[in-house]
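So the chains spell out like this:
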Amino acid sequence: MTHVEKPLAGVKVLDLTQAYSGPFATMHLADHGAEVIKVEIPGSGDQTRDWSPLRNGASGYFGYINRNKKGIALNLKSDEGKEVFKDLVREVDVVCENFRVGTMEKLGLDYEVLKAVNPGLIYASISGFGLEGSMAKLPCYDVVAQAEGGMISMTGFPGQPVKVGPAIADNYSGTYLALGITMALYQKQKTGMGRRLDVSMVDTIFSILESGVVEYTVNGKMVGPSGNRDPSIAPFDSFPAKDGEFVMACGTDKFWKRLCEVMKKPELVEDERYNSNAQRLVNYAELKKEIASWSERFTIREVEEQIVRAGIPFGRIKNMQQVCESELIKSRNMLWTVHDHGIGEDILIPGTPIKFHGSEDRVRFSAPVLGENTKEILSDLAGYSEKKIKQLQKDAVI
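In the annotation of an unreviewed UniProt entry, the chain is listed under the name CoA-transferase family III protein and assigned to Pseudoramibacter alactolyticus ATCC 23263.

Here it is as structure tokens:
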């Protein structure tokens, strides 16, 4: 099979981001062909180089979200470092950063400065609370954004609000930024225009609250934690079996009718408590007891056979071992093998969920060790001589 060039091949990105949200954004770009150059502080680098899981003194976390990127160590606090950075900016399409608001201005490398260097530059930022306003300069991590954005108030069980497990404020913000960058690249291709992009983690969380916001703005209703059930559809929840729990989603009256047939309770279809989705929501406590009285007589496998045969959406609640070893994840090529340069061994990391048919769906190269590609980048991209590079090393700029 002939492989087609990846869609972002030829796009050059200077990546100043650290931790999770920004590196997750540039990971998307790198996975699909962009040349992403990760810029780190000499001697220390990205904070995630010390994040678990650690093996052989290196981080698998860092290796996962920084695959397919090149690395340069550059001291942006020095005057020489700033000039080196501007020389690189002249040659790239995108600069990404997720520093605390005001950091790039203090460095003298804010958008207006870099726009003068490269008028077509796409300058993309992730922040906790946005670039302006009274909260703009406050520090933010995922749990803060989930709290301030309304997610924690909707998650968990009644009286026990909790954050969503994975850092969704970070990865959603990163994905939004990657989407915004590709939009800006498309516009730049047509017009030559550069753009300033601003993604806030709190905005991101607020934007994915689904019915929570409109329930309040339209009906004045406060949506609180509801466990595994959906606040707008019933039955759509986890249910008990002999050997554990499973999930099932009857999103339509057709699915509800099929479930009644499976449970051998056809009379429930016309029961005035359950004959519409609205009524099933009103009488959900009784409805769940009806379903549980049927499902808990069977094992999960036995329930699965009956429900899947009826065409009703069904899911097993899998742990990490089960999902990593599942045939679905393997068949979708969602675990990539990469020989990580820091760890010095092959590791398995999540692949990309964005599948371009005809393009290779695998890791191109490992996350860089700190400053791994510094000489190559300064030579090939900025056109620096070997003598100049050695002097920058001597001056501790790189």
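## Considering the nonpolar core
Counting 31 residues, the largest nonpolar core has V13, L29, V94, L177, I181 and I205 as the members making the most contacts within it. Residue assignment for this core shows that the elements contributing at least two residues are helix 1 (21-31), strand 6 (94-97), strand 7 (122-127), helix 8 (168-191), strand 10 (195-200) and helix 9 (201-207). In terms of residues, this core owes the most to one element, helix 8, which gives seven residues. Among all residues touching V13, those that are not within four sequence positions of it are T26, L29, A34, E35, V36, I37, V94 and C96. Of all hydrophobic cores here, the second largest spans 29 residues; its members include V89, V95, L107 and L392.

## Side note on the sheet that holds strand 11 (residues 236-241)
What the three strands build is an open sheet, ordered 11-12-13; its pairing is antiparallel. The outermost strands of the open sheet, each flanked by one partner alone, are strand 11 and strand 13 (314-316). Ignoring which end each strand starts from, the neighbouring axes of this sheet average 30 degrees apart. Bridge count between strand 11 and strand 12 (residues 244-249): six bridges; the pairing is antiparallel. Within strand 12, the position partnered with P240 by the bridge is E245. Of the strands in this sheet, strand 11 and strand 12 are in contact with helix 13 (residues 284-295), which crosses strand 11 at around 40 degrees.

## Let's talk about the packing of helix 6 (residues 142-149) against helix 8
At a minimum axis separation of 7 Å, helix 6 and helix 8 run at an interaxial angle of 85 degrees. In this view, helix 6 runs roughly perpendicular relative to helix 8, as classed from their interaxial angle. Facing helix 6, whose interface residues are D142, A145 and Q146, helix 8 presents I168, A169 and D170. Residues belonging to the contact of helix 6 with helix 8 are distributed by class as follows: three nonpolar, one polar and two charged.

What counts as what
- Residues numbered from 1 in each chain as written.
- Predicted model: local features only at pLDDT ≥ 70, side-chain atom pairs only at ≥ 80, totals over all residues.
- Heavy atoms only, no water.
- Core = buried A, V, L, I, M, F, W, Y, C linked by side-chain atoms within 4.5 Å.
- Buried < 20%, exposed > 50% of the residue type's maximum accessible area, 1.4 Å probe, protein only.
- Helix = DSSP H or I, 4+ residues; strand = E, 2+ residues; numbered from the N terminus.
- Contact = heavy atoms within 4.5 Å.
- Pairing = 2+ DSSP bridges.
- Axes fitted to C-alpha atoms, helices over the stretch in contact; angles between N-to-C directions.
- Parallel < 35°, antiparallel > 145°, perpendicular 65-115°, else oblique.
- Nonpolar A, V, L, I, M, F, W, Y, C, P; charged D, E, K, R; others polar.

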